[in-house]
Amino acid sequence: MREPDTGLFVDGTWAEGPGRLPVADKYTGEVIAELHVPGPGQVDAAIASAARAGEPLPSGERAAILRRAARLLDEERDTVLARYVAETGFTPADATTELDRTLLIFELCAQEALRLTGEMVPVQAAAGHDDSICFTMRVPVGVVAAITPFNAPLSTVAHKIAPALAAGNAVVLKPAEQTPLCSIVIVRSLLEAGLPERLVQLLPGPGETVGDQLVRHPDVRYITFTGSTEVGRHIRAVSGLARTQLELGSNSPTLLWRDADLEHALPLIVRAGYRKAGQVCTSVQRLLVHEAIADEVTSRLTALVHGIPYGDPRAPGTQVGPLISTAAAQRAETLVGDAVGHGSRLLTGGTRAGAVIAPALLAGLPENALLASEEAFAPVLAIAPIGSIDEAARMANAGRYGLQAGVFCQDLDVAFTFTRRLEMGGVIINDTSSCHPDPMPYGGVKDSGQGVEGPGYAVPDMTESRTILIRHRPPSPD
Ligand code: NAP
């Protein structure tokens, strides 16, 4: 499968650029596409084209285009899934889940386009405004820059560009270097669905050059970014007055209280710890287990994790494919070694062959191990015992991240205590930290980010408020 387009879409043309970006199959290593990387002049041209896009489309048309694009993506399902599996190394099951989520995100954004509205302002309270009418309108911000990570090349791209377009903006998309192919299919579907060409520009290429130029550009009015905390912090530092929405790193905890329903919880935890080879920002990395059930949980989880089929993502039954690169797998191996060096017990997995890591489970995670504070982004889950609510909250809140936490607990009083005590953007009761239905507001606190995704929140956020005040008659001179 070779990519027919250059992947570089600037000012209405699939253009050629001075650089090349080879894209490899993450399991076989075969180069499956070579995209064109824009030069600085083309990055400027893309932003200028987006800025000249003209009057926003009527909301009904925006909604119709998003819905048609989703239909076209669905019709191309087999091609999209094959491309996704090749460029990510994730399994076909992971690919299917993400494509289905993408279609839903497009539909939800279409609905938001139709209900986007301002509000009436009761200015009559101010002296001299008995006859005034005041209201606000939501107007597009203009040019939105969307920068996405490697680990969700369909749904995260959808969570950026669909709300931007639903809100009436033009969007310049810079997908991750390692997984840019799905973005091409999405952009092509939007164009075939009738999106005017200037409203979308696609710039494959390195973050340090193409992405950096984009986020520094004064005509970019809003930056929607998902990726590491380090790059997010850099974007805040260089982007001037552009508004930002930043979805950043995490090392998410999930808590099993002593009354947790383990039949229900353990399969969910295994799925949320290891799907996409653990390369999900909300993956269960730290499992805080009440000491009363720690032995039972440890032995049951060891059996479950030991049995996870891993390796070739296309082989029937495989649940864990390779990591995005051998370097990422080596880093994971180092984190496991560090935890063991600090006294943790490796219960299963943790061995590496190239970019593949055998699903790893550790017990007795000490608080000074790197896995307790850093993000692994790998199929690695570490158990730590907790004895009280205070201890559980202190350990869950330790460190710089605060994206989401899961709490399995039947006692409502304990559950509500955790909702108050956990310093997270989201607390999920009776599911894992990775539970993320797309309509919900989703975003982190602390070093996990700022602002929230979710169509109902992102679409209005990608607009500006314009205040209109109408006087029925000129104000009296006194
Ligand atoms: P990353 O290295 O931060 O890259 C993210 C994007 O930023 C890529 O497109 C990258 O381009 C670009 N970039 C790099 N340097 C840049 C710069 N100076 N200016 C502008 N853009 C720049 O992250 P990743 O490794 O792809 O993804 C993993 C990270 O994403 C993890 O930390 C994970 O937790 C986080 N994540 C968070 C969420 C969430 O919702 N909170 C969801 C998913 C992932 P290149 O590809 O060329 O490097």
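Cut-offs used in this document
Position numbers for residues start from 1 in each chain and track the written sequence from start to end. The predicted nature of this model means local features are confined to residues of pLDDT at least 70 and side-chain atom pairs, given and counted, to a pLDDT of 80 or more, with totals for whole chains, interfaces and linings taken over all residues. Derived side-chain values reflect all non-hydrogen atoms in the structure, with water molecules and hydrogen atoms excluded from consideration. For our purposes a nonpolar core is just a set of buried Ala, Val, Leu, Ile, Met, Phe, Trp, Tyr and Cys residues, chained together by side-chain atoms within 4.5 Å. Summary of the burial criterion: residues with accessible area below 20% of their type's maximum are buried, those above 50% are exposed, and those between are partly exposed, where the area comes from a 1.4 Å probe applied to protein chains only. Contacts: residue pairs with any heavy atoms within 4.5 Å of one another. Orientation is described by lines fitted to C-alpha atoms, with helices fitted over the stretch in contact, and by angles between N-to-C directions that extend from 0 to 180 degrees. Runs of H or I in DSSP of at least four residues are treated as helices and runs of E of at least two as strands, each being numbered from the N terminus. Roughly parallel means an angle under 35 degrees; roughly antiparallel means over 145; roughly perpendicular covers 65 to 115; every other angle is labelled oblique. For a crossing to be left-handed, the near helix must be turned anticlockwise from the far one by less than a right angle; the clockwise case is right-handed. Following the grouping adopted for this structure description, the nonpolar residues are Ala, Val, Leu, Ile, Met, Phe, Trp, Tyr, Cys and Pro, the charged ones are Asp, Glu, Lys and Arg, and the polar ones are all others, Gly among them. Any helix carries an expected span of 1.5 Å times its number of residues minus one. Regarding the arc, it is the one traced by the directions from the helix axis to the C-beta atoms. Domain borders in the structure are assigned automatically or taken from a domain database. Once two parts are put together, the accessible area they lose, assessed with a 1.4 Å probe and summed over both, is termed the buried area. Counted as salt bridges are all cases of a side-chain nitrogen of Lys or Arg within 4 Å of a carboxyl oxygen of Asp or Glu. Think of a polar contact as two N or O atoms within 3.5 Å of one another; within protein, one of them needs to be a possible hydrogen donor and the other a possible acceptor, and neighboring residues in sequence only count if both atoms come from side chains. Two strands form a pair only when DSSP identifies at least two bridges running between them. Orient the strands so they point away from the viewer, and a crossover whose first-strand-to-second-strand path over the helix runs clockwise is right-handed. In these notes, residues near a molecule or strand are those with any non-hydrogen atom within 4 Å of it. The Shrake-Rupley method, run with a 1.4 Å probe, gives the accessible areas here. Residue values count only the displayed protein chains as cover.

### Re the nonpolar core
Line of reasoning, step 1. Counting residues in each nonpolar core, the largest one holds 82 residues, and the members touching the most others are Phe106 and Leu190.
Line of reasoning, step 2. Excluding its chain neighbours within four sequence positions, the residues that come into contact with Phe106 are Leu66, Ala69, Ala70, Ala158, Ala162, Ile186 and Leu190.
Line of reasoning, step 3. Judged by nonpolar contacts, the second largest core, of 58 residues, contains Leu288, Ala294, Val336 and Leu422.

### Brief notes about the packing of helix H2 (residues 59-75) against helix H6 (residues 181-192)
Line of reasoning, step 1. For the pair H2 and H6, interaxial distance at closest approach is 8 Å and the crossing angle is 125 degrees. Compared by their axis directions, H2 and H6 come out oblique. Regarding H2 and H6, the two cross each other, and that crossing is right-handed. Contact residues: Ile65, Leu66, Ala69, Leu72 and Leu73 in H2; Val185, Ile186, Ser189, Leu190 and Glu192 in H6.
Line of reasoning, step 2. Here the residues of the contact of H2 with H6 are counted per class, giving eight nonpolar, one polar and one charged.

### Comments concerning helix H1 (residues 40-51)
Line of reasoning, step 1. The terminal C-alpha atoms of H1, which comprises 12 residues, lie 17 Å apart, in line with the 16 Å expected from a rise of 1.5 Å per residue.
Line of reasoning, step 2. Taken residue by residue, H1 has Val43, Ala46, Ile47, Ser49 and Ala50 as its buried positions. Down the axis of H1, the buried side of the element spans an arc of 160 degrees, and every buried residue falls inside it. Exposed side chains of H1 directed beyond 90 degrees from the buried face belong to Pro40 and Gly41.
Line of reasoning, step 3. Where H1 is buried, its residues contact strand S1 (9-10), strand S7 (143-147), strand S8 (170-174), strand S9 (200-202), helix H7 (207-216) and strand S10 (220-226).

### Thoughts on the domain arrangement of the chain
Note on interface size: it is often stated as the accessible area lost on association of the parts.
Line of reasoning, step 1. Partitioning the chain into domains gives domain 1 (8-248 + 448-466) and domain 2 (253-429).
Line of reasoning, step 2. Just the C-alpha atoms count here: the centres of domain 1 and domain 2 sit 31 Å apart.
Line of reasoning, step 3. Note on domain 1 versus domain 2: buried area summed over both sides is about 1,900 Å², and carbon and sulfur give 54% of it.
Line of reasoning, step 4. Measuring nitrogen to oxygen at the nearest pair gives 2.5 Å for the salt bridge that ties Arg314 to Asp25.
Line of reasoning, step 5. Taken together, domain 1 and domain 2 are joined by eight residue pairs in polar contact (both at pLDDT 80 or more).
Line of reasoning, step 6. Counting residues per element, the ones that place at least two in the side of domain 1 that touches domain 2 are helix H3 (77-88), helix H4 (92-115) and helix H8 (229-238).
Line of reasoning, step 7. Across the side of domain 1 that touches domain 2, the residue classes tally to nine nonpolar, 10 polar and seven charged.

### Section: the pattern of salt bridges
Line of reasoning, step 1. A complete count under the given rule lists 23 salt bridges for this structure.
Line of reasoning, step 2. Its salt-bridge partner being Glu230, residue Arg400 comes within 3.1 Å of it at the nearest N-O pair. In this pair, Arg400 sits in the loop between helix H12 (389-397) and strand S19 (401-402) while Glu230 sits in helix H8, placing the two residues 170 residues apart along the sequence.
Line of reasoning, step 3. On the accessibility criterion, Arg400 (27% relative accessible area) is partly exposed.

### Quick look at the packing of helix H9 (residues 262-274) against helix H10 (residues 294-306)
Line of reasoning, step 1. For the pair H9 and H10, interaxial distance at closest approach is 11 Å and the crossing angle is 50 degrees. When the axis of H9 is compared with that of H10, the two are oblique. Of the two elements, H9 crosses H10, and the hand of that crossing is right-handed. Within the contact between the two elements, H9 uses Leu262, Glu263, Leu266, Val270 and Tyr274 and H10 uses Glu296, Val297, Arg300, Leu301, Leu304 and Val305.
Line of reasoning, step 2. Looking at side-chain class alone, the contact of H9 with H10 contains eight nonpolar, no polar and three charged residues.

### Let's talk about the pairing of strand S21 (residues 426-429)
Line of reasoning, step 1. Covered by surrounding structure in S21 are Gly426 and Ile428 only, the residues Val427 and Ile429 on the alternate face being uncovered.
Line of reasoning, step 2. Sheet analysis places strand S20 (residues 404-408) next to S21, joined by four bridges and oriented parallel. By the bridge assignment, Gln404 is partnered in S21 with Gly426.
Line of reasoning, step 3. For the crossover from S20 across helix H13 (residues 412-421) to S21, the handedness is right-handed.

### A closer look at the pairing of strand S13 (residues 286-290)
Line of reasoning, step 1. The buried fraction of S13 is high, at five of five residues.
Line of reasoning, step 2. The pairing of strand S12 (residues 253-256) with S13 spans four bridges and is classified as parallel. Across the sheet, residue Leu255 finds its bridge partner in S13, namely Leu288.
Line of reasoning, step 3. Crossover S12 to S13 through H9 is right-handed.

### Description of the site of the ligand
Line of reasoning, step 1. Around the ligand lies a shell of 29 residues, among which Glu177, Gly207, Ser228, Leu248 and Glu375 are the nearest.
Line of reasoning, step 2. Glu177 is positioned with one of its side-chain polar atoms (N or O) 2.6 Å from an oxygen atom of the ligand.
Line of reasoning, step 3. Within the side chain of Tyr442, an N or O atom sits 3.2 Å from an oxygen atom of the ligand.
Line of reasoning, step 4. Coverage of the ligand by the protein amounts to 88% of the 910 Å² it exposes when considered alone.
Line of reasoning, step 5. Elements supplying a minimum of two residues to the shell around the ligand: H7, S10 and H8.
Line of reasoning, step 6. With three residues, the single largest contributor to the shell around the ligand is H7.
Line of reasoning, step 7. Per-class residue counts for the shell around the ligand are 13 nonpolar, 11 polar and five charged.
Line of reasoning, step 8. When residues of the shell around the ligand are assigned to domains, at least three map to each of domain 1 (8-248 + 448-466) and domain 2 (253-429).

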